[in-house]
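# Descriptive analysis of the structure
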Amino acid sequence: MSDLLVVEGLAVELATPTGPIEVLSGVDLTLGSGDSLGLVGESGCGKSMTALAIMGLLPAEARLRGRIVFEGQDLVGAAEDVLCRLRGRRLAMVFQEPMTALNPVKTIGHQVAEGPRLHFNLSRAAATDRARATLDRVGLPVARFPLDLYPHQLSGGQRQRVVLAIALACEPALLIADEPTTALDVTTQARILALIAELAEDLGTALIMVSHDLGVVAETTGRTMVMYAGRIVEAGTTTAVFERLAHPYSRGLFAAIPRSDVSAADAVDGRRPRLHSIPGQVPDPRARPPGCAFAPRCHLADVRCRGQLPALGEVSADHLAACFHPVGPDQGTSGIGGDG
């Protein structure tokens, strides 16, 4: 069976007043029908830029290199009318903030029915029936949530369900969820994430979950890619990646997840252990250091790290990491920390 999505050597360059800057470099990924992939990393690491590049939604001044082949068709340089036929029908995306993704002056029924009417040439009645069924599928039954409601009449979690219904109304082959729970409370986040994963599996839709949280990806995807400073620094099956977390940056992200098993018994001098954080910040793409971009934040870094760019290398079967000093499973967070 052929791959649904193949991204090879993807690079994105943006024009700025001080000259062009490369915000993505050499991104490769492959996704089959029904597969699930997590893209993880801090803000500014290139996750959303990768998603927007796949959707063909980059700013007009962006320049792409490489290939984005979806269902056998290279989307890099494709005409806008070609992309419009794919978006919403075969490619769909759930964005971070539902209030900006929804049209405030149109009813939820109209917004969910719009895609099927456009892509399937359905009558108004048939498209409304499809909208009703899709909203029911995402947990908004019409008996409680009439189609003539407006976005402002719904809670944040309910609005995000509407956004999800819009994305799934045409049963796309690929769904990209870009930080879909950022604006929601913790309980609602868990419900929305579980719903996205469940519906993607039920529909046989491939899923790319974009998140800064390794915990989210561990629960919802079969493969994981960790991004830092516009590059993939670790990749593999989610099980293989989590069993080792070979890149010091990946271990830092994992250590920053709040732990539910930490109790008062773990307190020292009456204080619970502090939540770990990675020192420093993601480098500005206009001033990335030579060599490994994570080196200034990693105390494993040496002269080689600061002068050479590590390539993705095999850690174990179906597990790659771009690091000259991949850490072992018993090293905790020892690879994290600035060097002075």
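All of these numbers come straight from a predicted model, not from anything done at the bench.

Cut-offs used in this document
Residues numbered from 1 in each chain as written. Predicted model: local features only at pLDDT ≥ 70, side-chain atom pairs only at ≥ 80, totals over all residues. Heavy atoms only, no water. Buried < 20%, exposed > 50% of the residue type's maximum accessible area, 1.4 Å probe, protein only. Helix = DSSP H or I, 4+ residues; strand = E, 2+ residues; numbered from the N terminus. Contact = heavy atoms within 4.5 Å. Axes fitted to C-alpha atoms, helices over the stretch in contact; angles between N-to-C directions. Parallel < 35°, antiparallel > 145°, perpendicular 65-115°, else oblique. Left-handed = near helix turned anticlockwise from the far one by under 90°. Nonpolar A, V, L, I, M, F, W, Y, C, P; charged D, E, K, R; others polar. Salt bridge = Lys/Arg side-chain N within 4 Å of Asp/Glu carboxyl O. Expected span 1.5 Å × (residues − 1). Pairing = 2+ DSSP bridges. Core = buried A, V, L, I, M, F, W, Y, C linked by side-chain atoms within 4.5 Å.

With that out of the way, let us pick up helix α10 (residues 248-255). Of all eight residues that make up α10, seven are buried, and the element is covered over most of its length. Of the residues making up α10, those classed as buried are Pro248, Tyr249, Ser250, Arg251, Gly252, Leu253 and Ala255. Contacts from the buried residues of α10 go to β3 (36-40), α8 (214-220), β9 (223-228), β10 (231-237) and α9 (238-244).

This next bit is on the packing of helix α4 (residues 108-120) against helix α5 (residues 124-137). In contact at an axis separation of 8 Å, α4 and α5 are set at 120 degrees when each is read in the N-to-C sense. Relative to α5, the element α4 is oriented oblique. Crossing handedness for the pair α4 and α5: right-handed. Together, Ile108, Gly109, Val112, Ala113, Pro116, Arg117 and Phe120 of α4 and Arg124, Ala127, Thr128, Arg130, Ala131, Thr134 and Leu135 of α5 make up the contact between the two elements. Broken down by class, the residue content of the contact of α4 with α5 amounts to eight nonpolar, three polar and three charged.

So, on to the pattern of salt bridges. Using the criterion set out here, one finds 10 salt bridges in the structure. Residue arginine 65 is joined to glutamate 22 by a salt bridge in which the shortest nitrogen-to-oxygen separation is 2.5 Å. Linking arginine 65 in strand β4 (residues 63-70) with glutamate 22 in strand β2 (residues 21-31), this pair joins segments that are 43 residues apart in sequence. For arginine 65, a relative accessible area of 43% puts it in the partly exposed group. With a relative accessible area of 26%, glutamate 22 lands in the partly exposed category.

It is worth spelling out helix α7 (residues 186-203) at this point. The end-to-end C-alpha separation of α7 is 26 Å, in line with the 26 Å expected for 18 residues at 1.5 Å each. Every buried residue of α7 is accounted for by Thr188, Ile192, Leu193, Leu195, Ile196, Ala197, Leu199 and Ala200. At its buried positions, α7 is contacted by α5, α6 (156-168), β7 (174-178), β8 (206-211) and α8. Backbone geometry just after α7 places glycine 204 at a positive phi near 70 degrees.

The next subject is the pairing of β10. Counting buried positions along β10 yields five of seven residues, so the element is predominantly enclosed. The sheet contact formed by β9 and β10 spans six bridges and is antiparallel. When the sheet's bridge partners are listed, valine 226 is paired in β10 with glutamate 234. Count of turn residues in the β9/β10 antiparallel hairpin: two residues, of which alanine 229 carries a positive phi of about 50 degrees. Where β10 lies against strand β12 (residues 319-321), three bridges are found, and the strand directions are antiparallel. Bridging from a neighbouring strand, alanine 235 pairs with leucine 320 of β12.

In terms of nonpolar packing, the biggest core is built from 59 residues, with Leu5, Leu174 and Ile208 touching the most fellow members. With six residues, the single largest contributor to this core is β2. The contacts of isoleucine 208, once residues within four sequence positions are left out, are Leu5, Leu31, Leu37, Leu39, Ile54, Leu174, Leu175, Ile176 and Ala177.

With antiparallel pairing, four strands are arranged side by side in an open sheet as β2-β1-β4-β5. What marks the edges here is a single partner per strand, and that holds for β2 and β5 (73-74). Of the pairings in the sheet, the one linking β4 to β5 comprises two bridges and is antiparallel in character. Within β5, the residue paired with valine 69 across the bridge is aspartate 74. Sheet strands touched by helix α1 (residues 47-55): β1 (5-14), β2 and β4. Its angle to β1, the strand with the most contacts, is close to 110 degrees.

The next thing to look at is unusual backbone geometry. Here leucine 245, not a glycine, exhibits a phi torsion of approximately 45 degrees, which is positive. Mapped onto the fold, leucine 245 is located in the loop between α9 and α10. Phi at aspartate 318 is positive, roughly 60 degrees, even though this residue is not glycine. Following the sequence through the fold, aspartate 318 ends up in the loop between β11 (313-316) and β12.

Tracing the backbone shows alanine 293 in the loop between α10 and α11 (303-307). In this structure alanine 293 comes out as buried when scored by relative accessible area, which is 15%. For the pair alanine 293 and leucine 309, spaced 16 residues apart in the sequence, the C-alpha separation amounts to 8.1 Å. Non-local contacts of alanine 293, meaning those with residues more than four positions away in its chain, are made with Tyr228, Ala229 and Pro283.

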